[in-house]
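# Observations on the three-dimensional arrangement
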Amino acid sequence: METLTNCPICNSSSFTPFIECTDYTVSKDKFAIVKCECGFKFTNPRPEEAEAGKYYQSEDYISHSNTSKGLVNRLYQRARKYTLKKKLALITKVSGKQQGNLLDLGCGTGEFLNTCKQSGWNVQGIEPSPDARAFATKEYGLTIHEINKWDQFADNTFDVVSAWHVLEHVYQLEETAKQVKRILSPDGTFVVALPNSSSADAEFYKKYWAAYDVPRHIWHFTPADVKRFFESKGFTLKEVLPMPLDAYYICMLSEKYKAGSISYGRAAVHGWASNRQAAKTGTTFSSQIYILKPVK
């Protein structure tokens, strides 16, 4: 295990215990989340990066397995088909381009990249899982790279870099932000989707909130954290957008973790309540999309 001594956002070494959560997906072990004096929360201690892969070895980890087994995964698959089209439309809107060069970080089994490819985008991906890379390459004919191989990308190469629920997993967070800024074109767009640990469903489920997802999620962002971190790395936050469907999926899993079985009725009620509260603020949805532009 690896213990962090400094906060990645403010570099403070002053943080306190926040909550302890269970890894319900793989190990069933408990992991602590701490809170820095600046407010940022992160899993600490956490697995060594070289050991992190074993915590993804589960059919329930759908972005790597693409499974449709079980009702929750089937619902996820149906929702994903819908959201893939919405993501493509969003990329077109925020980039101002119908086609261009796109890099997807943590591309999993490649469904989003394939959707963009079919629409005429020139796409590449980065994915740490060998199995997911192999699936995306074989199934869709995609070019997928291993992580931390940034020198293969020239400066100002990409019109869009996307990271759909990825940065909460990334060990080399500062280096990733630095490299994304370098490889984006001057008018490029960085699209980042993240769980929001200040959402109403996070507050309600507490240690059972599925989007803490320890130890795979090592960072637990709020909108304020996102703004502070990326502005310090040379980005401007242009827009924050909701992902309302995520609340229902997260609440279903959270109900399972809390009660041992899913109450779809309770999950629907709490997902609806979370979205209703978030609609009042505009920035407290269960998951949110951040549109960032590099300052060059």
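In what follows, the structure referred to is the one given above.
Cut-offs and rules
Residues numbered from 1 in each chain as written. Predicted model: local features only at pLDDT ≥ 70, side-chain atom pairs only at ≥ 80, totals over all residues. Heavy atoms only, no water. Helix = DSSP H or I, 4+ residues; strand = E, 2+ residues; numbered from the N terminus. Areas by Shrake-Rupley, 256 points an atom, 1.4 Å probe, with all protein chains shown as cover. Pairing = 2+ DSSP bridges. Contact = heavy atoms within 4.5 Å. Axes fitted to C-alpha atoms, helices over the stretch in contact; angles between N-to-C directions. Phe/Tyr/Trp six-rings, centres within 6.5 Å; stacked < 30°, edge-to-face > 60°. Buried < 20%, exposed > 50% of the residue type's maximum accessible area, 1.4 Å probe, protein only. Right-handed = clockwise from strand over helix to strand, strands pointing away. Salt bridge = Lys/Arg side-chain N within 4 Å of Asp/Glu carboxyl O. Core = buried A, V, L, I, M, F, W, Y, C linked by side-chain atoms within 4.5 Å.

Regarding its fold elements, the chain presents nine helices and 11 strands. With the model as given, the accessible surface of the chain reaches about 13,500 Å², and the carbon-plus-sulfur share is 51%.

Next up on the list: the sheet that holds strand S7 (residues 158-164). One open sheet accounts for seven strands, arranged S6-S5-S4-S7-S8-S11-S10; its pairing is mixed. Either end of the sheet is taken by a strand with one partner, and the two such strands are strand S6 (144-145) and strand S10 (235-242). Of the pairings in the sheet, the one linking S10 to strand S11 (residues 287-294) comprises seven bridges and is antiparallel in character. Across the sheet, Val240 pairs through a bridge with Tyr290, a residue of S11. This element, helix H7 (residues 223-232), spans strand S8 (184-195), S10 and S11 of the sheet and lies at about 20° to S11.

In this section: the packing of aromatic side chains. Where two aromatic rings form a pair, the distance of their centres and the angle of their planes describe that pair. Tallied over the entire structure, the rule returns 18 aromatic pairs. Ring centres of Phe190 and Phe230 lie 5.8 Å apart, and the angle between their planes is 80°; on these two criteria the pair is classed as edge-to-face. Separated by 40 residues along the polypeptide, Phe190 in strand S8 and Phe230 in helix H7 bring together distant segments of the chain. For Phe190, a relative accessible area of 1% puts it in the buried group. The buried category is assigned to Phe230, whose relative accessible area is 2%. Measuring from centroid to centroid gives 5.7 Å for Phe190 and Phe235, while their planes differ by 40°, and the two rings are tilted. Taken together, the residues span a long stretch of sequence, with Phe190 in strand S8 and Phe235 in strand S10 at a distance of 45 residues. In this structure, Phe190 and Phe235 share a single accessibility class: buried. A network of ring pairs unites the aromatic residues Phe15, Phe40, Phe42, Trp219 and Phe221 as a single cluster.

Glancing now at the environment of Thr137. Following the sequence through the fold, Thr137 ends up in helix H4 (residues 130-140). When its relative accessible area of 40% is taken as the criterion, Thr137 is described as partly exposed. Along the backbone, Thr137 and Thr109 are 28 residues apart, and their C-alpha atoms lie at a distance of 8.5 Å.

Looking now at the pairing of S8. Counting buried positions along S8 yields 10 of 12 residues, so the element is predominantly enclosed. Strand direction decides the pairing type here: S7 and S8, joined by six bridges, are parallel. Bridge pairing links Phe158 to Leu184 in S8. Tracing the backbone out of S7, into helix H5 (residues 173-183) and back to the parallel element S8 gives a crossover that is right-handed. As defined by bridge partners, S8 adjoins S11 across six bridges and the pair is classed as antiparallel. What sits directly across from Phe190, in S11, is Leu292.

Below, the discussion takes up the pattern of salt bridges. Under the definition given, this model contains 10 salt bridges. Between Asp155 and Arg182 there is a salt bridge; the shortest N-O distance is 2.7 Å. On the criterion of sequence distance, the pair formed by Asp155 in the loop between S6 and S7 and Arg182 in helix H5 is long-range, its members being 27 residues apart. With a shortest N-O distance of 2.9 Å, Glu174 and Lys233 are connected by a salt bridge. With Glu174 in helix H5 and Lys233 in the loop between H7 and S10, this pair connects stretches of sequence that are 59 residues apart. Since its relative accessible area comes to 41%, Glu174 is described here as partly exposed. We classify Lys233 as partly exposed; its relative accessible area is 23%.

Counting 37 residues, the largest nonpolar core has Leu103, Leu105, Val161, Leu167, Phe190 and Phe230 as its most contacted members. Of all the secondary structure elements, the ones that give two or more residues to this core are strand S2 (30-36), strand S4 (101-105), S7, H5, S8, H7 and S11. Core analysis: the next-biggest nonpolar cluster, separate from the first, contains 23 residues, Cys116, Ala136, Ala193 and Leu241 among them.

Quick look at unusual backbone geometry now. Trans is the prevailing form of peptide bonds, just as negative phi is the prevailing case for residues other than glycine. Here the residue pair Asn44 and Pro45 is connected by a cis peptide bond, since its omega of 0° sits within 30 degrees of zero. Looking at the secondary structure, you find Pro45 in the loop between strand S3 (41-43) and helix H1 (62-65). In the segment running from Val214 into Pro215, the intervening peptide bond is cis, with an omega of -5°. One can find Pro215 in the loop between helix H6 (200-205) and strand S9 (219-220).

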